[in-house]
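Chain residues, written in single-letter form:
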Amino acid sequence: MGRFDNYNVDLKGLKAGSLNLNFDLDNAFFANIDGEEFQKGAVKAVVTVSKNRDVYDISFTLNGTVVVPCDRCLDDLEIEVAAENALKVRLGENYTEDGDIVVVPEQDGGINIAWYLYEFIALALPMKRVHAPGKCNHEMTGKLKKHSYGSFDEDEEAVVGEREIDPRWEGLKNIQIEEDI
Ligand SMILES: [Zn+2]
């Protein structure tokens, strides 16, 4: 049995009405999928398949969390996922895409949805993936800053800056401001 055989959805064998499938996607699943965006998580997937004429509508409801590297400090960052998505599939000659419909060979009679599960979660992730202000790994951001030029969030810079100000300089800063006026 292949790693993702559990994710084969038999379309040809679908009886009248609809089919509900539940999957618990865990770290092992995401590690096996080996996607670029993330490799760890815990997501519950509810998949519903229904047939309308010769088109199968597959809907996905995804809820859980995934772990991505923080854009700022590279430490693990847990992100909540709540996504809905849909796929239209019909049986045909060859594996291809026809507009927004995926065509799978009649002889296969079904579709493996493992990669779609991963991809729909990846699509739901925000562009900016950073810890809440002050929650980054400061040791790491300090190291990274030395090798980069202004790619860090200004809020975070401010927090780090304030902490690093030596109280003895605090007075000098005020004097300088007075001189400017
Ligand atoms: Zn961070």
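Residues numbered from 1 in each chain as written. Predicted model: local features only at pLDDT ≥ 70, side-chain atom pairs only at ≥ 80, totals over all residues.

Enquirer: Would you take a moment to explain the nonpolar core for this structure?
Expert: Nonpolar side chains tend to gather and get buried jointly when the protein is soluble and globular. Counting 25 residues, the largest nonpolar core has Ile58, Leu117 and Ile121 as its most contacted members. At the level of secondary structure, the elements contributing two or more residues to this core comprise α1 (27-33), β3 (40-52), β4 (55-69), β5 (76-92) and α2 (114-124). Per-element accounting of this core gives the leading share, 5 residues, to β4. For Leu117, the residues in contact, after removing those within four places along its chain, are Phe23, Leu25, Ala45 and Phe60. (Core = buried A, V, L, I, M, F, W, Y, C linked by C-beta atoms within 7 Å. Buried ≥ 20, exposed ≤ 12 C-beta atoms within 10 Å, placed from the backbone. Helix = DSSP H or I, 4+ residues; strand = E, 2+ residues; numbered from the N terminus. Contact = placed C-beta atoms within 7 Å.)

Enquirer: Would you explain the environment of Arg129 in this entry?
Expert: Relative to the assigned elements, Arg129 resides in the loop between α2 and α3 (138-146). Placed 57 residues apart in sequence, Arg129 and Arg72 show a C-alpha to C-alpha distance of 8.1 Å. If sequence neighbours within four positions are ignored, Arg129 has contacts with Val68, Cys70, Asp71, Leu77 and Ile79.

Enquirer: Just to check I follow, could you spell out the environment of Gly13 for this structure?
Expert: In this fold, Gly13 is placed in the loop between β1 (8-10) and β2 (18-25). Each C-alpha atom, one on Gly13 and one on Gly109, is 7.7 Å from the other, the two residues being 96 residues apart in sequence.

Enquirer: How should I be thinking about the sheet that holds β5 in this particular structure?
Expert: Within a sheet, neighbouring strands are paired by backbone hydrogen bonds and run either parallel or antiparallel to one another. The sheet built from 6 strands is open, its strands ordered β2-β3-β4-β5-β7-β6 with mixed pairing. The open sheet has two edge strands with one neighbour each: β2 and β6 (96-98). Each adjacent strand pair in this sheet contributes to an overall mean axis angle of 25 degrees, direction not counted. In this structure, β5 lies alongside strand β7 (residues 101-105), joined through 5 bridges in parallel fashion. Within the sheet, the bridge partner assigned to Arg90 lies in β7 and is Val103. (Pairing = 2+ DSSP bridges. Axes fitted to C-alpha atoms, helices over the stretch in contact; angles between N-to-C directions.)

Keep in mind these values describe shape, not function.
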